[in-house]
Every structure is written in structure tokens, then in C-alpha cells.
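A closer look at the structure
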Amino acid sequence: MCSSDLINAMPDDRQWLQSEAQRIALLLQMARDEAIVRNQPVAFEVDDYRYRFLIRQDTQWQALTDDPVWREREFNRAPVQLSLSPAASKRLPLRISFGHEPVDKAFLLILGLGEEHVSVQADGLGNFQVQ
């Protein structure tokens with residue numbers, strides 16, 4: 001058996017980004033629903049090495065730690081290039097907040113690695129699509 005016969009089990013950058021974007025899109029949908037159920041703002045915060053979820057307690061954001069779903073996650077291929085449109089700030093970490101209302105602002109989150117880019121698009125009505 002020669003080395004060209006071996007299957008490459010490591011996904012390329014595009015496949016990895018696609019998988020990570022799918023996971024983030026699902027978690028964003030869950031965070032939106034969590035904000036509605038809890039009747040408290042929930043936020044997704046991301047920088048080029050990791051992301052996490054926060055909940056608004058009184059006047060401060062605090063890490064959501066009451067469920068392993070909301071645990072902080074590190075990108076295993078970092079740094080990841082990030083952009084958010086519309087963005088409140090160009091500085092990292094980027095933050096996407098969800099309120100207790102079922103309608104939020106539409107946004108586009110772009111994740112990049114090398115020459116590859118994948119986006120998570122939200123329509124503001126609870127639909128998240130990876131492109």
C-alpha cells in the first residue's frame with residue numbers, strides 16, 4: 001500500500017470551517033431560544049481563538065456555566081479570521097446579543113482560515129444558514 005492509498009482523515013480548511021460554522025449556527029439558534037425562555041439577554045462572544053456564551057445578570061454579562069452546552073470552546077485551528085456585519089465594533093471579541101423578543105437584528109458572521117471563508121447568516125427571525 002502506498003501513501004497515496006491512505007485516506008486523509010484530517011479535514012481541509014474549508015471542511016473544518018464548514019463544520020465549525022454549522023456548530024456555531026446551531027448554538028446561536030439555541031442561544032436565541034434560551035434568551036426567550038429565560039427572558040434574559042444571552043450573548044455569543046468570539047475572538048480568533050475561542051467562543052463562549054454569556055447571560056446578562058442585572059448590569060453585567062457573565063459566562064453561562066449552568067449547562068455544558070454553553071461551555072467555552074477553543075478553535076482547534078487558530079487564529080480564525082472573523083468579521084461581523086453589522087458590527088458594533090471591529091475589535092475582538094465580537095459579540096452577538098439575543099433579547100427576549102422573538103425578532104432580532106439580522107447579521108452575517110464570517111469565519112476565515114487561510115484563503116477559505118464560510119459565513120453564518122441570521123435573518124433575525126430565528127433562521128441561521130451556513131454559506
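Note that the coordinates shown come from a computational prediction; the quantities given were computed from them, not determined experimentally.

Attention shifts here to the pairing of strand 5 (residues 81-85). Of the two faces of strand 5, only one is covered, namely that formed by Leu-82 and Leu-84; the face formed by Gln-81, Ser-83 and Ser-85 stays uncovered. As paired elements, strand 5 and strand 7 (residues 107-113) share five bridges and run antiparallel to each other. Its bridge partner being in strand 7, Leu-82 is matched across the sheet by Leu-111.

Moving on, we come to the packing of aromatic side chains. For the structure on display, the rule yields seven aromatic pairs. Measuring from centroid to centroid gives 6.2 Å for Phe-98 and Phe-128, while their planes differ by 75°, and the two rings are edge-to-face. On the criterion of sequence distance, the pair formed by Phe-98 in strand 6 (residues 94-98) and Phe-128 in strand 9 (residues 128-130) is long-range, its members being 30 residues apart. Here the two residues Phe-98 and Phe-128 agree in accessibility, since each one is buried. Among the aromatic residues, those joined into a cluster by ring pairs are Trp-16, Phe-44, Tyr-51, Phe-53, Trp-70 and Phe-75.

Here we have four strands laid out as an open sheet, ordered 5-7-8-9, and antiparallel in their pairing. At either end of the open sheet lies a strand with only one pairing partner, and these are strand 5 and strand 9. Ignoring which end each strand starts from, the neighbouring axes of this sheet average 15° apart. As judged from the seven bridges shared by strand 7 and strand 8 (residues 116-122), these two strands associate in the antiparallel manner.

With 26 residues, helix 1 (residues 13-38) should reach 38 Å at 1.5 Å per residue; the first-to-last C-alpha distance of 36 Å fits that figure. Listing the buried residues of helix 1 in full gives Trp-16, Leu-17, Glu-20, Ala-21, Ile-24, Ala-25, Leu-27, Leu-28, Ala-31, Arg-32 and Ala-35. Two to three positions downstream of the cap, the backbone nitrogen of Arg-14 sits 3.2 Å from a side-chain oxygen, assigning the N-cap of helix 1 to Asp-12. Positive backbone phi, approximately 60°, marks Asn-39, located one or two places after helix 1.

What follows is about the pattern of salt bridges. Side chains that differ in charge, positive against negative, can pair when their charged atoms come close. Within this structure, the stated rule accounts for 10 salt bridges. Across the pair Arg-77 and Asp-13 runs a salt bridge whose closest N-O atoms are separated by 3.0 Å. Separated by 64 residues along the polypeptide, Arg-77 in the loop between strand 4 (73-74) and strand 5 and Asp-13 in helix 1 bring together distant segments of the chain. Taking the relative accessible area as the measure of exposure, Arg-77 reaches 18% and is therefore buried.

This paragraph deals with the pairing of strand 8. Taking the residues that link successive antiparallel strands as the turn, the strand 7-strand 8 hairpin has two residues, and the phi of Gly-114 there is positive, at about 60°. Sheet topology note: the strand 8/strand 9 ladder contains three bridges and is antiparallel. Bridge pairing links Val-120 to Val-130 in strand 9. Connecting the antiparallel pair strand 8 and strand 9 is a turn made up of five residues, with Gly-124 showing a positive phi of about 85°.

With that settled, the discussion passes to the nonpolar core. For soluble globular proteins, nonpolar side chains are generally found buried alongside one another. With 33 residues, the main nonpolar core has Phe-44, Phe-107, Leu-109 and Leu-111 as its most contacted residues. For this core, the secondary structure elements donating two or more residues are helix 1, strand 1 (42-46), strand 2 (50-57), strand 5, strand 6, strand 7, strand 8 and strand 9. With nine residues, the top contributor of residues to this core is helix 1. Not counting residues within four places of it along the chain, the set of residues in contact with Leu-109 comprises Ile-24, Phe-44, Ser-83, Leu-84, Leu-94, Ile-96, Val-118, Ser-119 and Val-120.

Reading the values: the criteria
Residues numbered from 1 in each chain as written. Predicted model: local features only at pLDDT ≥ 70, side-chain atom pairs only at ≥ 80, totals over all residues. Heavy atoms only, no water. Buried < 20%, exposed > 50% of the residue type's maximum accessible area, 1.4 Å probe, protein only. Helix = DSSP H or I, 4+ residues; strand = E, 2+ residues; numbered from the N terminus. Pairing = 2+ DSSP bridges. Phe/Tyr/Trp six-rings, centres within 6.5 Å; stacked < 30°, edge-to-face > 60°. Axes fitted to C-alpha atoms, helices over the stretch in contact; angles between N-to-C directions. Expected span 1.5 Å × (residues − 1). Polar contact = N/O pair within 3.5 Å; in protein donor to acceptor, adjacent residues only side chain to side chain. Salt bridge = Lys/Arg side-chain N within 4 Å of Asp/Glu carboxyl O. Core = buried A, V, L, I, M, F, W, Y, C linked by side-chain atoms within 4.5 Å. Contact = heavy atoms within 4.5 Å.

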